[in-house]
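Residue-level listing of the chains:
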Amino acid sequence: MDRGGGGGGSELHNNQFYQCEENKPLLGEMSEGNNNTKTAGPCKRSVHHCGGGGMRYKLLHEGDIQVCALKHPRTFLSKILTSKFLRRWEPHHLSLLDGSLTSATPTGYMETPLSYSTIEDLQLLSWDNAPKYCVQLSVPGGTVLLQAANSYLRDQWFHSLQWKKKIYKYRKVLNNPSRWDVVLKEIRALVDMALSSPLQDDSIHQAPLHIISTLLAENSSLSPQDHENIIVAIAPLLENNHPPPDLCEFFCKHCRERPRSMVVIEVFTPVVQRILKHNMDFGKCPRLRLFTQEYILALNELNAGMEVVKKFVHSMHGPTGQCPHPRVLPNLVAVCLAAIYSCYEEFINSRDNSPSLKEIRNGCQQLNDRKPPLPLRLLRPEPPTPPPPATLLPLTATSSPAQAPPPAPSNPAPTIPISTPPSLPLSPPPSVVNSSEILVELERNNNSANAKRNADPSGGNGEPNLIDCLLVSPAVNTLSIQLPAQADRVLGCFALILKMLSDYDDWRPALASLLQPIPFPKEALAHAKFTKELKYVIQRFAEDPRQEVHSCLLSVRSGKDGWFQLYSPGGVACDDDGELFASMVHILMGSCYKTKKFLLSLAENKLGPCMLLALRGNQTMVEILCLMLEYNIIENKDTQLQIISTLESTQVGRRMYEQLCDRQRELKELQRKGGPTRLTLPSKSTDADLARLLSSGSFGNLENLSLAFTNVTSACAEQLIKLPSLKQLNLWSTQFGDAGLRLLSEHLACLQVLNLCETPVTDAGLLALSSMKSLCSLNMNSTKLTADTYEDLKAKLPNLKEVDVRYTEAW
């Protein structure tokens, strides 16, 4: 049978009405099919209008069926050979491909594929005394019959073949457009055909959308009006279907270029609503997430942008107190997280960005655990020892020449403090990781932290601690993140959505759980604008009385920090002197967390912030300190005395401490034995905090005072000179200046160790130190020291053995 002929296809139509075939000749008794065709006799034939009665069918892609092919009879012999008595049926397993009908066994009638373009007509036929359940395919020069096992399978084959044939023709027509007015009509006809088809399959609506998306991708020069007309034409198909990836890109482009178009509101709104309600995994279709993001940004570009966005979020939740769609919240959160990450993507990928999280974690710890590393000694050096990589070597007083110091990094911001006095054990020097944005030092933990690390067989090589990485050095606080104007608007829009989500009571537990692992990049957490916007969300979690909500403020697992640490005093997100931190502690202590384990965690990681807030009169923190004393959380006597002095510095603390002493008399006995010998003020303490603390108790025995990373100035020297036993003073990274140094040099003659690293002191104040003959260790790293002043100090301080002058003129 000749199937290679180019018989023209019939007109495309978009309804399911099939013309009556009463006057056509019977199969097997056909002549040439022209106007001169003669029939052997009339025959009754019924035509099935499948699909009109509501029957639905699944689209066939392959199946088993009987095949019979007939040529048009031209002679008497051919009529005999094609009569029903001599017909031969062949079983075939046919596949309905995109362009043709093929057999798994290409022999006999189906030796060559049957192209859809050669099928002139397609009919459902049955007649008396003939094989039942047949589908007739009219091809040039003949007919192909397909016989199914029952009427349902026959109708299924008929509609599937009809669908494949029409889609094939539409694909050819729309792949080579000529006039766009004609193309638009064809698109509307294609949409109508898909909507009226009795086939029930995902591809029925997806195939037209893919054809149209290909058309749009290959014709990028369309006018905006053509874009809108096409979007409106395919809108009915989008009501119950997700747009394919290529079409999502087209929609994104339209949202960016014409955000105020009515198409965004009228057509895209139901599409996005369906995506948020029914999408199960944005990871499999990320372009749907991008389209949703661009749609929300388009709403934000309207005159009442933020109000429109709020109304949209409210419409997704619904008017009742419980949202009926469980997928809306996680999908909205996923869109927000992706949009926020995109705001920092340029900064993250820039050449001069900060080190990776793992790289930072390898050399960081929290400020509260910092101990000064060994400084560089520049007098009588000792023989060199092989250094570990990137380690600053000490130069001690023995026989060999001094080792050359390491070269200064570009734009250095060193944070090397003075070491402990020679009589105390010296810790190894730090390892420094340099970049243009962050300088991180590797410092050893205190004894308790070392014991924990030794007990940990993993060696501390676990997952990076995010908050530690952001707290490692004051240099991190100078990390400046400037976002482009567009990224700034995106950040504000999606931060507002997160704030709105936290306002719904039914969404808050799930939102807290989704945000508990802190799913934001570290650059976002170091950006003050973002953490300020997100603070509202964390405050809502802290105010919620449900344990499932406020427990998400803590870390998701041991070894990781959470929002509780991030917004604590000293954390990069804290901008309120600890008010949010206090409210978080209050809600956690008020639930099931009033346990010794929680107090131990606070004492180990957040004792400084707790003491600072208690010193400023916060009642929650006063209660925390009293509980630490009552449960014997603190073992160090100096720390206990410092807590007692902190409590007695305020009226509420004094009252609660007296009540505690009535229950535990040994605390009064501890206080009568004298004040502490060591004292460390929490970071961000001020001159007023220091004055309040020193005026609350006896500090006549105080020998070691650390004010590192606080906000004290030269004004605190008035309080420091009242400490007659003071021998070690750490002013690393404070605003202590020349006026304070002159006052100290007149009153603290016994001072032995002084750390002025990263302070604004100059030669005018440093020269006054020449009268402090007891100084044996002096750190002037990163100050405005000149070489002449350094030589003068060396000559006038005979006991000076340890000096650090790196990153100064004298280096």
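So, here's what we can say about the structure. If you're wondering where the values come from, they're calculated on a predicted model, not measured in any experiment.

For the rest of this paragraph, the subject is the overall build of the protein chain. When helices and strands are tallied, the protein chain shows 32 helices and 16 strands. Buried positions account for 53% of the 811 residues belonging to the protein chain.

So, on to the packing of helix α9 (residues 305-317) against helix α15 (residues 485-501). Helices that pack against each other are described as a pair by the angle of their axes relative to one another and the distance between those axes. Their axes nearest at 11 Å, the elements α9 and α15 cross at an angle of 40°. Put simply, α9 runs oblique to α15. Classified by chirality, the crossing of α15 by α9 is right-handed. Contacts between α9 and α15 involve Met306, Val309, Lys310 and Val313 on the former and, on the latter, Cys493, Leu496, Ile497, Met500 and Leu501. Here the residues of the contact of α9 with α15 are counted per class, giving eight nonpolar, no polar and one charged.

Under the defined criterion, the tally for this structure stands at 15 aromatic pairs. Between the aromatic rings of phenylalanine 564 and phenylalanine 581, the centroid separation amounts to 5.1 Å while the plane-to-plane angle is 40°, which identifies the pairing as tilted. Of this pair, phenylalanine 564 sits in helix α20 (residues 563-566) while phenylalanine 581 sits in helix α21 (residues 579-590), placing them 17 residues apart in sequence. Take phenylalanine 564 and phenylalanine 581: they sit in the same class, and that class is buried. Through successive ring pairs, a cluster of aromatic residues spans Phe250, Phe251, Phe268 and Phe291. Sitting above the plane of the tyrosine 536 ring, lysine 499 keeps its charged end 5.7 Å from the centroid.

If you walk across this open sheet you meet the six strands as β11-β12-β13-β14-β15-β16, and the pairing is parallel. The strands lining the two open edges of the sheet, one partner per strand, are β11 (678-680) and β16 (802-804). Across the sheet, the axes of successive neighbouring strands diverge by a mean angle of 5°, strand direction being ignored. In terms of strand pairing, β11 meets strand β12 (residues 704-706) through three bridges, oriented parallel. Across the sheet, the residue bridging to leucine 679 is leucine 705, located in β12.

A few words on the pattern of salt bridges. Side-chain pairs of opposite charge can arise where the charged atoms are in close proximity. Applying the stated criterion to the full structure yields 24 salt bridges. Across the salt bridge formed by aspartate 544 and arginine 546, the nearest N and O atoms sit 2.8 Å from each other. Arginine 546 gets classed as partly exposed once you look at its relative accessible area, which sits at 29%. A salt bridge links arginine 692 to aspartate 689, with the nearest nitrogen and oxygen atoms 3.1 Å apart. Remark: aspartate 689 and arginine 692 occur in helix α28 (residues 687-694); sequence separation between them is three residues, near one turn of the helix. On the basis of relative accessible area, aspartate 689 is assigned to the buried category, the value being 2%.

At a minimum axis distance of 9 Å, the contact between helix α3 (residues 180-196) and helix α5 (residues 224-238) shows a crossing angle of 10°. Our classification of the angle between α3 and α5 gives roughly parallel. In this structure, α3 uses Trp180, Leu184, Ile187, Arg188, Val191, Ala194 and Leu195 to contact α5, whose residues at the interface are Asn229, Ile230, Ala233, Ile234, Pro236 and Leu237. A breakdown of the residues in the contact of α3 with α5 according to their chemical character gives eleven nonpolar, one polar and one charged.

It is worth spelling out helix α8 (residues 286-300) at this point. For α8, built from 15 residues, the straight-helix expectation of 21 Å at 1.5 Å per residue is met to within 8% by its first-to-last C-alpha distance of 21 Å. Summarising burial for α8: eleven of the 15 residues are buried, a large majority.

All right, on to the nonpolar core then. With 141 residues, the main nonpolar core has Phe494 and Trp563 as its most contacted residues. Per-element accounting of this core gives the leading share, eleven residues, to helix α10 (residues 328-348). In this structure, Leu731, Phe736, Leu797 and Val803 belong to the second largest nonpolar core, which totals 41 residues.

Burial of strand β7 (residues 134-139) is extensive: six of the six residues sit out of reach of the surface. The two faces of β7 match: Cys134, Gln136 and Ser138 on one face and Val135, Leu137 and Val139 on the other face are all buried. As paired elements, β7 and strand β8 (residues 142-147) share six bridges and run antiparallel to each other. Across the sheet, valine 139 pairs through a bridge with glycine 142, a residue of β8. In this structure, the hairpin formed by β7 and β8 is closed by a connection of two residues, where glycine 141 is found at a positive phi of approximately 85°.

Thresholds, definitions, all that
Residues numbered from 1 in each chain as written. Predicted model: local features only at pLDDT ≥ 70, side-chain atom pairs only at ≥ 80, totals over all residues. Heavy atoms only, no water. Helix = DSSP H or I, 4+ residues; strand = E, 2+ residues; numbered from the N terminus. Buried < 20%, exposed > 50% of the residue type's maximum accessible area, 1.4 Å probe, protein only. Axes fitted to C-alpha atoms, helices over the stretch in contact; angles between N-to-C directions. Parallel < 35°, antiparallel > 145°, perpendicular 65-115°, else oblique. Left-handed = near helix turned anticlockwise from the far one by under 90°. Contact = heavy atoms within 4.5 Å. Nonpolar A, V, L, I, M, F, W, Y, C, P; charged D, E, K, R; others polar. Phe/Tyr/Trp six-rings, centres within 6.5 Å; stacked < 30°, edge-to-face > 60°. Lys NZ or Arg CZ within 6 Å of the ring centre and 35° of its normal. Pairing = 2+ DSSP bridges. Salt bridge = Lys/Arg side-chain N within 4 Å of Asp/Glu carboxyl O. Expected span 1.5 Å × (residues − 1). Core = buried A, V, L, I, M, F, W, Y, C linked by side-chain atoms within 4.5 Å.

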